[in-house]
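Residue strings, one per chain:
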Amino acid sequence: MKLRGWALVTGGSAGIGLEVSRGLLRKGYSLILVSRSPQKLKNAKYELSRELQKSDERQITIHTADLAEPSAADNLYAWVQSRKFVVEMLVNDAGMYICDEALNVSRERVEAILSLNIRALTTLSLLFAREMAERGRGRIVNISSYSVYMRYAGLSLYGATKAYVRNFSVALSREVRSKGVKITTVAPSGVDTGLLGLPPSTARLARITGFMMGPARCGRIIVRAAMRGRRYIVPGWHNYLVIPFLGLLRPVMTKVMLKNTATEHAKL
Ligand SMILES: NC(=O)c1ccc[n+]([C@@H]2O[C@H](COP(=O)([O-])OP(=O)(O)OC[C@H]3O[C@@H](n4cnc5c(N)ncnc54)[C@H](OP(=O)(O)O)[C@@H]3O)[C@@H](O)[C@H]2O)c1
């Protein structure tokens, strides 16, 4: 197997990020997994270590950081520099989801979603893209969302942060490609990770009808696209076909999503 150097995956301890990490490990990358919970990181490292052989040169390192904190992205970059890791692949996966009318969302949660989904991703993309451009090679994967096509009530905050991710990342990829840096932007539709907070029965129905996919499949598609240097993908070909009809689906989708939010409010 060809060794490919370090891949840094934010949100690499769970969900899509964990599966992307698994795929990158199989492609020959060593991993730096970043998220908030030390326990989740340890579990992820333990699980992924089973992929390694004895005397394997690939390594897995974990680092705890809350990337919604204002200076967290700069601190993470400084930590990577201090350890002399050369990051060949950056995956900005960590993201926060809010499905609620914006007027119901606390100031703290608004700050957190802007900070994590926009500021941290932008800072890390620019810091690493700059050093990759100097080296003349490197890859970045930024996770946007299918919600960019769904300007529905309840998604005003989340959808707008992900639209930023898409526009920023696709345009940045045009600026840096000639410098050897390939940026892949991914807009997954529903992925069964728990992030959306759907009741299990709804998630099951969504998987059966193809509205949701499993994180393992999504991870495989993302790694394949990144290795091929694709600029923008929506995982699952059928999701492309549904885009023109998302306006027609708006009333029913909004009802399902906001009903779930109402249940959450009732629990509090
Ligand atoms: N699931 C979907 O349907 C879906 C669809 C489209 C796009 N996406 C996007 O895909 C990405 C991953 O989603 P997912 O479904 O895999 O979510 P997930 O299963 O909840 O995993 C999120 C990961 O991010 C980490 N994380 C969360 N907040 C963080 C913070 N403030 N600082 C550092 N790490 C943080 C989590 O670990 P800790 O909790 O330990 O921090 C975890 O490792 C997100 O950007 C999401 O918006 C998801």
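These numbers were taken from a predicted model, which means no experiment stands behind them. (Residues numbered from 1 in each chain as written. Predicted model: local features only at pLDDT ≥ 70, side-chain atom pairs only at ≥ 80, totals over all residues. Heavy atoms only, no water.)

**A few points about the pairing of strand β1 (residues 5-10)**
In step 1: When you tally the buried positions in β1, you get five out of six residues, the bulk of the element.
In step 2: Bridge count between β1 and strand β2 (residues 29-35): six bridges; the pairing is parallel. Bridging across to β2, Leu8 finds its partner in Ile32. (Buried < 20%, exposed > 50% of the residue type's maximum accessible area, 1.4 Å probe, protein only. Helix = DSSP H or I, 4+ residues; strand = E, 2+ residues; numbered from the N terminus. Pairing = 2+ DSSP bridges.)

**Things to note about the side chain of Asn92**
In step 1: By secondary structure assignment, the location of Asn92 is in strand β4 (residues 87-92).
In step 2: Separated by 3.3 Å, the side chains of Asn92 and Ser125 make a polar contact.
In step 3: Dropping the residues within four chain positions of it, Asn92 is found in contact with Thr10, Leu121, Leu124, Ser125, Ile140, Val141, Asn142 and Ile143. (Polar contact = N/O pair within 3.5 Å; in protein donor to acceptor, adjacent residues only side chain to side chain. Contact = heavy atoms within 4.5 Å.)

**With respect to the sheet that holds β4**
In step 1: Spatially, seven strands are ordered β3-β2-β1-β4-β5-β6-β9 in an open sheet, and the strand pairing comes out parallel. The two strands at the open ends of the sheet, each matched to only one other strand, are β3 (60-64) and β9 (232-233).
In step 2: Across the sheet, helix α1 (residues 15-26) is in contact with β1, β2, β3 and β4; its angle to β2 comes to roughly 165 degrees.
In step 3: In this fold helix α2 (residues 38-49) packs onto β2 and β3, with an angle of close to 170 degrees to the strand it touches most, β3. (Axes fitted to C-alpha atoms, helices over the stretch in contact; angles between N-to-C directions.)

**A short note on α1**
In step 1: Between the first and last C-alpha of α1 there are 17 Å, a value that for twelve residues agrees with the 16 Å anticipated at 1.5 Å per step.
In step 2: Within α1, ten of the twelve residues are buried, which leaves it mostly tucked inside the rest of the structure.
In step 3: Within the sequence span of α1, burial applies to Ile16, Gly17, Leu18, Glu19, Val20, Ser21, Arg22, Gly23, Leu24 and Leu25.
In step 4: Just past α1, the residue Gly28 takes up positive phi, approximately 110 degrees. (Expected span 1.5 Å × (residues − 1).)

**Structural notes on the state of the cysteines**
In step 1: One pass over the structure, following the stated rule, counts zero disulfides.
In step 2: The closest cysteine sulfur to the non-disulfide-bonded Cys99 is located on Cys218, 19 Å from its own sulfur. (Disulfide = S-S within 2.5 Å.)

**Remarks on empty space enclosed by the protein**
In step 1: One pass over the full model with this rule turns up two cavities of 30 Å³ or more.
In step 2: Quantified by volume, the largest cavity comes out at close to 50 Å³.
In step 3: Contributing to the lining of the largest cavity are Thr10, Leu67, Asn92, Asp93, Ala94, Leu116, Ala120, Leu121 and Leu124.
In step 4: When residues in the lining of the largest cavity are grouped by element, the largest group, four residues, is from helix α4 (residues 107-135).
In step 5: For the lining of the largest cavity, the per-class residue count stands at six nonpolar, two polar and one charged.
In step 6: Quantified by volume, the second largest cavity comes out at close to 40 Å³.
In step 7: Residue lining of the second largest cavity: Leu67, Glu69, Pro70, Ala72, Ala73, Asp74, Ser115, Arg119, Ala120 and Thr123, and that is the complete set.
In step 8: Secondary-structure elements contributing two or more residues to the lining of the second largest cavity are α3 (72-82) and α4.
In step 9: Tallying contributions element by element places α4 first for the lining of the second largest cavity, with four residues.
In step 10: Of the residues belonging to the lining of the second largest cavity, the class tally is five nonpolar, two polar and three charged. (1 Å grid on protein atoms, 1.4 Å probe; cavity = no way out; pocket = protein on both sides within 12 Å on 5 of 7 lines; lining within 4 Å. Points joined across faces, edges and corners; volume = space filled by probe spheres on them. Nonpolar A, V, L, I, M, F, W, Y, C, P; charged D, E, K, R; others polar.)

**Some words on the site of the ligand**
In step 1: Residues in contact with the ligand amount to 29 residues; listed here are only the nearest, Lys40, Asp93, Tyr158, Val191 and Thr193.
In step 2: Between an oxygen atom of the ligand and a side-chain N or O atom of Ser35, the distance comes to 3.2 Å.
In step 3: Tyr158 places a polar side-chain atom, nitrogen or oxygen, 2.6 Å from an oxygen atom of the ligand.
In step 4: Calculation on the ligand without its partners gives an accessible area of 890 Å², and the protein chains cover 93% of this total. (Near = heavy atom within 4 Å. Areas by Shrake-Rupley, 256 points an atom, 1.4 Å probe, with all protein chains shown as cover.)

**Section: the nonpolar core**
In step 1: Residues Leu8 and Phe128 are the most contacted members of the largest nonpolar core, which totals 48 residues.
In step 2: Within the residue set of this core, elements represented by two or more residues are β1, β2, α3, β4, α4, α5 (156-176), β6 (181-186) and α9 (246-267).
In step 3: The element best represented in this core is α4, accounting for eleven residues.
In step 4: Counting residues in each nonpolar core, the second largest holds 29 residues, with Leu24, Met213, Ala226 and Ile233 among its members. (Core = buried A, V, L, I, M, F, W, Y, C linked by side-chain atoms within 4.5 Å.)

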